[in-house]
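Okay, here's what each chain looks like letter by letter:
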Amino acid sequence: LHLFDPTETCDESKHKINIGVLGDSGSGKSSLILAMLQEFGAYSEAHQDLPEVSIQGDGTVKPTPYIMPGFDDNVKIWDLPGQGTTQFSSTTYLRDMGLK
């Protein structure tokens, strides 16, 4: 297992990490991403919007990337719509999100 280390001496610009956060609608995906971005100092990054947290299903309606501060724009966390709603059926969710 090799984890991304931003202090490595190799050409870091070639390392791109995309992390998708997926799950049931209303399970707290956007809240988790917001907490992670806050922990890494996203409020100091004026150029980036933060996820909107919804208390109802279908808060996130399209896959949205957020850049993790501190990794030279090499790490993105993707907020994916929740599955199991009329808009995003569980039976076709992985295909619809481009994951299968």
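In this text the structure is predicted, and so the values were computed from the model without any measurement. (Residues numbered from 1 in each chain as written. Predicted model: local features only at pLDDT ≥ 70, side-chain atom pairs only at ≥ 80, totals over all residues. Heavy atoms only, no water.)

So, on to the environment of P65. Among the secondary structure elements, P65 is positioned in strand β2 (residues 64-67). With residues near it in sequence (within four places) discarded, P65 still touches K76, I77 and W78. (Helix = DSSP H or I, 4+ residues; strand = E, 2+ residues; numbered from the N terminus. Contact = heavy atoms within 4.5 Å.)

Quick look at the packing of aromatic side chains now. Tallied over the entire structure, the rule returns one aromatic pair. Their ring planes at 45° and their centres at 5.9 Å tell us that F40 and F71 sit as a pair that is tilted. Here F71 lies in the loop between β2 and β3 (75-79) and F40 lies in the loop between α1 (29-39) and β2, a separation of 31 residues in the sequence. Classification of F71 by relative accessible area gives buried; the value is 18%. (Phe/Tyr/Trp six-rings, centres within 6.5 Å; stacked < 30°, edge-to-face > 60°. Buried < 20%, exposed > 50% of the residue type's maximum accessible area, 1.4 Å probe, protein only.)

For the rest of this paragraph, the subject is the sheet that holds β2. Note: strands within a sheet are paired through backbone hydrogen bonds, in either parallel or antiparallel orientation. Judged by pairing direction, the sheet is mixed, and its three strands sit side by side in the order β1-β3-β2 without closing on themselves. The two strands at the open ends of the sheet, each matched to only one other strand, are β1 (17-21) and β2. Across this sheet, the average inter-strand angle for adjacent strands is 25°, counted without regard to direction. Direction of pairing for β2 relative to β3: antiparallel, over a ladder of four bridges. (Pairing = 2+ DSSP bridges. Axes fitted to C-alpha atoms, helices over the stretch in contact; angles between N-to-C directions.)

V21, I33, L37, Y66, M68, F71, V75 and I77 together form the largest nonpolar core, which totals eight residues. Of all the secondary structure elements, the ones that give two or more residues to this core are α1 and β3. In this view, I33 contacts V21, P51, Y66, I77, W78 and D79; residues no more than four positions away in its chain are not counted. (Core = buried A, V, L, I, M, F, W, Y, C linked by side-chain atoms within 4.5 Å.)

Here we come to the environment of I19. As for its position among the elements, I19 is in strand β1. Residue classification places I19 among the partly exposed positions, given a relative accessible area of 39%. With 56 residues separating them along the chain, I19 and V75 place their C-alpha atoms 7.7 Å apart. In this view, I19 contacts V75, K76, I77 and W78; residues no more than four positions away in its chain are not counted.

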